[in-house]
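Structure at a glance
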Amino acid sequence: MSQYRVSRSSPAARAAAVIGAIAVAILIAAPWWAGRADLRLLGELFLYLSLASLWNLLAGYAGLVSVGQQAYVGFGGYMLFALTMFVGMHPLVAIGAAGVLGALISVPVAALIFRLRGAYFAIGTWVMAEIFRLVFAQVSALGGGSGTSLPTDIVRSMADGRAAREALSYWLALGAALLVVTAVYLLLRSRKGLALTAIRDNELAAGSLGIDIWRTKFLVYVVTSALTAMVGALIFLQKLRISPDAAFSVNDWTAFVIFIVVIGGIGTIEGPIIGTLIFFALRETLADLGTIYLMVLGLVAIVMMLKAPKGVWGFIRDRFDLQLFPLGYRVKRDTSKGA
């Protein structure tokens, strides 16, 4: 009788880990081999990857389909400006503080919008984001509706010289992407992650097994909000200017993020990575076409939803049985052992 063994890893996952480590080492050294434009593009890519991974955790695993995550992007950006300009915090410290404040503000927001379900929840998140935008548009100390720029002395406090500041901004964006992907991976491998997977698959059955659905979703929402606020602070630290319309843009910080996750594969860790690469490839190729670029994005999304509803990675995973980030357990026959 054949023997069986239970494992999470696979040859593909081990190969992906080695390739990923090499890629990270190369990307860390990018300030020494890439130009300024390339660093800016890569930094933006990493920040979008962070936002996409967080939205995927929220919607793809917790089932909280939000169209208002721009609320925390803008909130984090404004907190960075407020804490550095009025409190005197160093920008790097202010990024962490923005995350803490994002978690705190998400608690009363969650207590309110968690009363809603389905489409009403999605609309509720968008309404909250609009409230955030209107509130910050009234703060004259931060430029009101026209916004404000980060003072020169604060920018210079980050590092000596423009090249050093650009390299630091790039490393922060890369670090944010690594932190978010790693945090999502570790969370999904934990007991909370198992509960999330159960909730995603069948919420009624998960509740009958003793899983506290409300508390699990609440925890995910607060953690996601905190990390999104930190990413928002990084975004506007790179831009050096903030305004309500830019900070709380549903198009830039939610619509594009949803496109990335849907194209790559919702409910997978690999999906947002692939979706981000596809999105930036399309953007860099078609951005000069103006409105046609947005039409092409919409067409790509429609075709993908019709032909591959699970996204690019979902199609690859089902066809080749690949899993680069091993989360679940697999039962395999161990041919090296006899009966």
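Structure shown above.
The following paragraphs examine the structure supplied in this document.

What counts, and at which threshold
- The residue numbering used here restarts from 1 in each chain and proceeds along that chain's sequence as written.
- Where local features are concerned, this predicted model is filtered to residues with pLDDT of at least 70; where side-chain atom pairs are given and counted, the filter is 80 or more; whole-chain, interface and lining totals use all residues.
- Hydrogens and water are ignored here; the side-chain numbers use all heavy atoms of the structure.
- Secondary structure elements are defined from DSSP: runs of H or I of at least 4 residues count as helices, runs of E of at least 2 residues count as strands, and each element is numbered from the N terminus.
- Our radius of gyration is a C-alpha quantity, and the globule rule it is checked against amounts to 2.2 Å times the number of residues to the power 0.38.
- Exposure is judged per residue with a 1.4 Å probe applied to protein chains only, and the accessible area is read against the type maximum: over 50% gives exposed, under 20% gives buried, and values in between give partly exposed.
- Every residue pair with non-hydrogen atoms within 4.5 Å of one another is taken to be in contact.
- Joining through side-chain atoms within 4.5 Å is the link that ties buried Ala, Val, Leu, Ile, Met, Phe, Trp, Tyr and Cys residues into a set, and such a set is a nonpolar core.
- We define a salt bridge as a side-chain nitrogen of Lys or Arg found within 4 Å of a carboxyl oxygen belonging to Asp or Glu.
- Patches here: salt-bridge-free residues with over 30% relative accessible area, like charges joined within 9 Å, nonpolar side chains (Val, Leu, Ile, Met, Phe, Trp, Tyr) joined within 5 Å.
- Only the protein chains shown count as cover for residues, and the accessible areas themselves come from Shrake-Rupley with a 1.4 Å probe.
- Fitting a line to C-alpha atoms yields each axis, with helices limited to the stretch in contact; the angle taken between N-to-C directions then spans 0 to 180 degrees.
- Comment on the angle field: the value is read as roughly parallel under 35 degrees, roughly antiparallel over 145, roughly perpendicular from 65 to 115, and oblique elsewhere.
- We call a crossing left-handed when the near helix sits turned anticlockwise from the far one by less than a right angle, and right-handed when that turn is clockwise.
- Under the grouping applied here, Gly and all other residues not named as nonpolar or charged are polar, the nonpolar ones being Ala, Val, Leu, Ile, Met, Phe, Trp, Tyr, Cys and Pro and the charged ones Asp, Glu, Lys and Arg.
- Ring pairs shown here join Phe, Tyr and Trp side chains whose ring centres sit within 6.5 Å, with only the six-membered ring taken for Trp; geometry is labelled stacked below 30 degrees between planes, edge-to-face above 60, and tilted in between.
- Residue count minus one, scaled by 1.5 Å, sets the expected span of a helix.

The helix and strand inventory of the protein stands at 16 helices and four strands. Against the 2.2 N^0.38 benchmark of 20 Å for 339 residues, the protein shows a C-alpha radius of gyration of 21 Å, consistent with a compact globule. C-alpha extents for the protein along the principal axes are approximately 75 × 50 × 40 Å. Counting across all 339 residues of the protein, residues that qualify as buried make up 46%. A fraction of 77% describes how many contacts in the protein between residues 6 or more apart in sequence connect residues 24 or more apart.

Core analysis: the largest hydrophobic core is formed by 88 residues, its most contacted members being Leu188, Tyr221, Ile235, Phe236 and Phe279. Broken down by element, the residue count for this core peaks at 14 residues, all from helix α3 (residues 36-61). Setting aside its immediate chain neighbours within four residues, Ile235 contacts Leu47, Leu51, Val73 and Trp253.

Let's shift gears to unusual backbone geometry. Although it is not a glycine, Leu240 sits at a positive phi angle of roughly 65°. Within the element layout of this structure, Leu240 appears in the loop between α11 (213-239) and β3 (241-242).

Attention shifts here to the pattern of salt bridges. Should their charged atoms come close, side chains of opposite charge can pair. Inspection of the entire model under this criterion finds eleven salt bridges. Residue Arg283 pairs with Glu284 through a salt bridge whose shortest N-O separation is 3.2 Å. Its relative accessible area of 16% is what places Arg283 among the buried residues. Linking Lys310 and Asp318 is a salt bridge whose minimum nitrogen-to-oxygen distance equals 3.3 Å. Residue Lys310 is classed as partly exposed on the basis of its relative accessible area of 47%.

Glancing now at a nonpolar patch on the surface. A cluster of nonpolar residues, Ile123, Trp126, Val127, Ile131, Val135 and Val250, forms a patch on the protein surface that exposes about 490 Å² of accessible area. Tracing the backbone shows Trp126 in helix α6 (residues 119-137).

The next subject is the packing of α3 against helix α8 (residues 162-189). Between α3 and α8, the shortest axis-to-axis distance is 9 Å and the interhelical angle comes to 20°. Between α3 and α8, the crossing angle belongs to the class labelled roughly parallel. The crossing of α3 and α8 is left-handed. Here the residues of the contact of α3 with α8 are counted per class, giving 18 nonpolar, three polar and four charged.

All right, on to the packing of helix α13 (residues 250-264) against helix α15 (residues 291-307) then. Contact geometry of α13 with α15 gives a least axis separation of 10 Å together with a crossing angle of 35°. Where α13 crosses over α15, the handedness of that crossing is left-handed. Contacts between α13 and α15 involve Phe256, Phe259, Val262 and Ile263 on the former and, on the latter, Tyr293, Leu294, Leu297, Val300, Ala301, Met304 and Met305. Residues belonging to the contact of α13 with α15 are distributed by class as follows: eleven nonpolar, no polar and no charged.

The next subject is the packing of aromatic side chains. Applying the stated criterion across every chain yields a total of 22 aromatic pairs. With centroids separated by 6.2 Å and ring planes inclined at 70°, the aromatic side chains of Phe236 and Trp253 adopt a geometry described as edge-to-face. Of the two residues, Phe236 sits in helix α11 while Trp253 sits in helix α13, which places them 17 residues apart along the sequence. For the pair shown, Phe236 and Trp253 are each scored as buried. Among the aromatic residues, ring-to-ring pairing joins Tyr72, Phe75, Tyr78, Phe114, Phe121, Phe132, Phe136, Trp214, Phe218, Tyr221 and Phe248 into one connected group.

Another point: helix α5 (residues 91-113). Because each turn of an α-helix spans 3.6 residues, side chains separated by three or four positions end up pointing in the same direction. Its 23 residues give α5 an end-to-end C-alpha distance of 31 Å, which sits within 8% of 33 Å, the value for a rise of 1.5 Å per residue. Turning to α5, its buried residues number three or more, namely Pro91, Ala94, Ile95, Ala97, Ala98, Gly99, Gly102, Ala103, Ser106, Val109, Ala110 and Ile113. Check the buried side of α5 and you find it contacts α4 (70-87), α6, α7 (152-156), α8 and α11.

Turning our eyes to something else, we now look at the environment of Ile199. As for its placement among the helices and strands, Ile199 is situated in helix α9 (residues 191-201). Take Ile199: its relative accessible area is 4%, and that puts it in the buried class. For the pair Ile199 and Lys217, spaced 18 residues apart in sequence, the C-alpha to C-alpha distance is 9.1 Å. The contacts of Ile199, once residues within four sequence positions are left out, are Ala206, Ile211, Ile213, Thr216 and Lys217.

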